[in-house]
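Below, each chain spelled out in residue letters.
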Amino acid sequence: MPEAPKNTLKPTTDYSLELKNKKTLQFIEDVTSNADEVQKKVLEEILSRNAHVEYLQTRGLNGHTDRETFKKTMPVITYEDIQPHIDRIANGDTSPILSSNPISEFLTSSGTSGGERKLMPTIEEELGRRSLLYSLLMPVMSQFVPGLDEGKGMYFLFIKSEAKTPGGLVARPVLTSYYKSTHFKNRPYDPYTNYTSPNETILCPDSYQSMYSQMLCGLCQHKEVLRVGAVFASGFIRAIKFLEKHWRLLCKDIRTGTIDSQITDQSVREAVMKILKPDPKLADFIEAECSKDSWQGIITRLWPNTKYVDVIVTGTMSQYIPTLDYYSNGLPLVCTMYASSECYFGVNLNPLCKPSEVSYTLVPTMAYFEFLRVQRNNGVTSSISVPKTLNEKEQQELVDLVDVKLGQEYELVVTTYSGLYRYRVGDVLRVAGFKNNAPQFNFICRKNVVLCIDSDKTDEVELQNAVKNAVNHLLPFGATLAEYTSYADTTTIPGHYVLYWELSLNGNTPIPPSVFEDCCLTIEESLNSVYRQGRVCDKSIGPLEIKVVEPGTFDKLMDYAISLGASINQYKTPRCVKFAPIVELLNSRAVSSYFSPKCPKWFPGHKQWSNNN
Ligand code: AMP
């Protein structure tokens, strides 16, 4: 992810860059050494400035700012607990409900509630905190890879559509908010925020034009590129796929020094024309590389000075590691940071480590962090058990940042400057080590998520409801669904959801393919807004597939799970599978396959907001 340090006024000399890096690293030393003191101060600051907000007053915190009273008085909550407050703010109530600072906008999380993106209130000053976290990344990286100030970063960055709440506040994803902010747009010159993509190409709302122009600029400056990336691995692979589809057109533009007529955004055209010059030699070179049968190592072939790929490959994104390795010829895959709409959390202080070993050091100044211990049931379908609601004792048992234990898994709970108090983020983390007194965490998973291709997060309940809606199409044929499971298939680009269905056929009427296609579409229509946006807008998710499997397949699956040690009594069909031999078993027994014939419906904003624009 890109970063925008804000304190350089002129092109930096080596000396001042070195000094700046040193200061940043010292900052990390200081806050991690004094993690507990910093956390105490952060909580005091949040609680004292918000002492009079309705949420804290009604719970009787009475202006207390110490941890003990806070933990005794304030409940540990989920989104649904504060949704009524959020709705009031969204509907235009400007009284200090959660925060004494005015809510500047809502950040729309890829986590959903009731099928719609969760709305995270934020305040203006949080942009400064996000910028600070970004500013830590390159000084850390430069300790391991020298000379990164001597070239550019080719990052594929995009904005997404925004909506207005009925009360008039903007609602948009956190990165859209950040790229549109002056912190990013007007960042002073800095060798570390020197990207091949001009701001205009990143800020172009049309995703095709944005991708095309960013790719064109990246190709034109191919020798200057020292690092490449996107936010998530899925986004970077999408860019490579785009190149695979459009390289001829891109080469034509490079050959002639003109931009394809499909790029109609005037500001994008002007920005690209400052970079694009007729270069037949470069066009020949790209054509020669792209027309080879194999695209193995295409990154290093087209951008020969690239030192690493900067994308998140932790959590569900780890499914993309083999594809990235293939395209990059095994360049280091670097995960630099861990963040969310609620709050930016931390950085990876050892960025060249293997993806499986990535750990993030939570930066103690970002928010007040607490940790709820979780237990893992290690069966074949290893599930994680976290209590849904907490009793008083459990609420007080949450541990502080410096008190977590090595090797233990926890759910992250945050209290933020924007007005979330003891809020369960939903991520499960494992303590992997310590930087001074601050723990470093492996990202384990997001609670309850069964399927994920891009930023979509589908949980078991959503999947179950969607399937329930779809099977109605089978009723006229006397067929019912005996068993099902699902799989996030990322061997296709874009990846797509696969549902394995075993049917009980009671009637004699054959079921036409169109009925299964209707089932696919009904499932898609029933899934949450982030999934449907990925299908419709970003095209980051391919059409959903139903594979009908032979009768008896799920018995075989159970036999297999039991042979691996699952208990017969407790065996439940997993609603999602990941383990390759199980996927192979299911595929080997598939008798037919159907795809969703079109995209589901999707509109920006929540469905209950009438002004969907
Ligand atoms: P959002 O609220 O849409 O910004 O999504 C934030 C969520 O994305 C986090 O709570 C995590 O579940 C996930 N996420 C963010 N950064 C990382 C990372 N570095 N590794 C794994 N998952 C991440």
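The rules behind these values
Residues numbered from 1 in each chain as written. Predicted model: local features only at pLDDT ≥ 70, side-chain atom pairs only at ≥ 80, totals over all residues. Heavy atoms only, no water. UniProt positions renumbered as here; feature names shortened; annotations may be inferred. Helix = DSSP H or I, 4+ residues; strand = E, 2+ residues; numbered from the N terminus. Buried < 20%, exposed > 50% of the residue type's maximum accessible area, 1.4 Å probe, protein only. Contact = heavy atoms within 4.5 Å. Areas by Shrake-Rupley, 256 points an atom, 1.4 Å probe, with all protein chains shown as cover. Disulfide = S-S within 2.5 Å. Phe/Tyr/Trp six-rings, centres within 6.5 Å; stacked < 30°, edge-to-face > 60°. Lys NZ or Arg CZ within 6 Å of the ring centre and 35° of its normal. 1 Å grid on protein atoms, 1.4 Å probe; cavity = no way out; pocket = protein on both sides within 12 Å on 5 of 7 lines; lining within 4 Å. Points joined across faces, edges and corners; volume = space filled by probe spheres on them. Nonpolar A, V, L, I, M, F, W, Y, C, P; charged D, E, K, R; others polar. Core = buried A, V, L, I, M, F, W, Y, C linked by side-chain atoms within 4.5 Å. Lys, Arg positive; Asp, Glu negative; His and termini not counted. Salt bridge = Lys/Arg side-chain N within 4 Å of Asp/Glu carboxyl O. Polar contact = N/O pair within 3.5 Å; in protein donor to acceptor, adjacent residues only side chain to side chain. Pairing = 2+ DSSP bridges. Axes fitted to C-alpha atoms, helices over the stretch in contact; angles between N-to-C directions. Parallel < 35°, antiparallel > 145°, perpendicular 65-115°, else oblique. Left-handed = near helix turned anticlockwise from the far one by under 90°.

You'll find the chain entered in an unreviewed UniProt entry as Indole-3-acetic acid-amido synthetase GH3.6, with Gossypium hirsutum given as the organism. What UniProt states about the chain under its Sequence similarities (unreviewed entry) heading is, verbatim, "Belongs to the IAA-amido conjugating enzyme family."

### Overview of the overall build of the chain
Looking only at helices and strands, the chain has 21 helices and 24 strands in total. Summarising its shape, the C-alpha atoms of the chain cover approximately 80 × 70 × 50 Å along the three principal directions. Residues counted as buried form 56% of the 613 residues belonging to the chain. Within the chain, residue pairs in contact and separated by at least 24 positions form 71% of the contacts whose partners lie at least 6 positions apart. For the chain, the accessible surface area stands at approximately 25,400 Å², while carbon and sulfur atoms represent 51% of it.

### Details of the state of the cysteines
Disulfides are covalent bonds that link the sulfur atoms of two cysteine residues. Applying the stated criterion across every chain yields a total of zero disulfides. A disulfide-free cysteine, Cys220 has its sulfur positioned 6.3 Å from the sulfur of Cys217, the nearest such atom. In this structure Cys251 is a free cysteine whose sulfur lies 5.9 Å from that of Cys290, the closest cysteine sulfur available. With a relative accessible area of 0%, Cys251 lands in the buried category.

### Comments concerning the packing of aromatic side chains
Inspection of the entire model under this criterion finds 21 aromatic pairs. Each ring, one from Phe70 and one from Tyr368, has its centre 6.0 Å from the other, and the planes form 70°; the classification is edge-to-face. Of this pair, Phe70 sits in helix H4 (residues 67-73) while Tyr368 sits in strand S12 (residues 368-373), and the two are 298 residues apart along the sequence. When the ring of Tyr178 is compared with that of Phe184, the centres are 6.0 Å apart and the planes differ by 55°; the resulting orientation is tilted. Of the two residues, Tyr178 and Phe184, neither departs from the other in class, the shared state being buried. Among the aromatic residues, ring-to-ring pairing joins Tyr134, Tyr178, Tyr179, Phe184 and Tyr344 into one connected group. One cation-aromatic arrangement involves Arg187 over Phe184; the distance from NZ or CZ to the ring centre is 4.3 Å.

### Describing empty space enclosed by the protein
Applying the stated rule across the entire model yields four cavities of 30 Å³ or more. Computed from the structure, the largest cavity encloses a volume of approximately 150 Å³. Forming the boundary of the largest cavity are 17 residues, of which Thr108, Arg117, Trp602, Pro604 and Gly605 lie nearest the centre. Looking at the lining of the largest cavity, the elements with two or more residues in it are strand S2 (116-122) and helix H19 (529-536). At three residues, S2 tops the list of elements feeding residues into the lining of the largest cavity. Here the residues of the lining of the largest cavity are counted per class, giving eight nonpolar, six polar and three charged. Taken as a whole, the second largest cavity holds about 70 Å³ of empty space. Forming the walls of the second largest cavity are Ser234, Ile237, Arg238, Tyr320, Ile453, Thr492, Ile493, Pro494, Gly495 and Ser540. Here the lining of the second largest cavity is built from residues that sort into five nonpolar, four polar and one charged.

### Structural notes on the nonpolar core
Counting residues in each nonpolar core, the largest one holds 161 residues, and the members touching the most others are Tyr179, Phe236, Phe369, Leu412, Leu474, Trp501 and Ile523. A per-element tally of this core places helix H11 (residues 233-256) first, with eleven residues.

### What to know about the side chain of Asp253
With respect to the element layout, Asp253 can be found in helix H11. Lys252 provides the closest opposite charge to the buried, salt-bridge-free Asp253, at an N-O distance of 4.1 Å. Only 2.6 Å separates the side chain of Asp253 from the side chain of Tyr212, close enough to count as a polar contact. If sequence neighbours within four positions are ignored, Asp253 has contacts with Tyr212, Leu216, Thr258, Ile259, Asp260 and Leu276.

### Describing the UniProt feature "domain: GH3 C-terminal" (unreviewed entry) in the chain
This chain's UniProt record puts "domain: GH3 C-terminal" (unreviewed entry) on residues 462-579. The span residues 462-579 is 36% helical and 22% strand by assignment, and the distance between its end C-alpha atoms comes to 22 Å.

### Description of the sheet that holds strand S24 (residues 590-595)
Strand order in the open sheet made by the four strands is S21-S22-S23-S24, with mixed pairing throughout. The open sheet terminates on both sides in strands that have one partner only, identified here as strand S21 (479-489) and S24. On average, each strand axis in the sheet is tilted by 25° relative to the strand beside it, whichever way the strands run. Taken together, the five bridges between strand S23 (residues 545-549) and S24 define a ladder with antiparallel strand orientation. Bridge pairing in S24 places Val549 opposite Ala590.

### With respect to the packing of H11 against helix H13 (residues 280-290)
Remark: H11 packs on H13, axes separated minimally by 8 Å, with the N-to-C direction vectors making an angle of 165°. When the interaxial angle is binned, H11 and H13 end up roughly antiparallel. Here the hand of the crossing between H11 and H13 comes out left-handed. Each of Trp247, Cys251, Ile254 and Arg255 in H11 lies in contact with H13, whose residues at this interface are Pro280, Leu282, Ala283, Asp284, Ile286, Glu287 and Cys290. Partitioned by chemical class, the residues of the contact of H11 with H13 number eight nonpolar, no polar and three charged.

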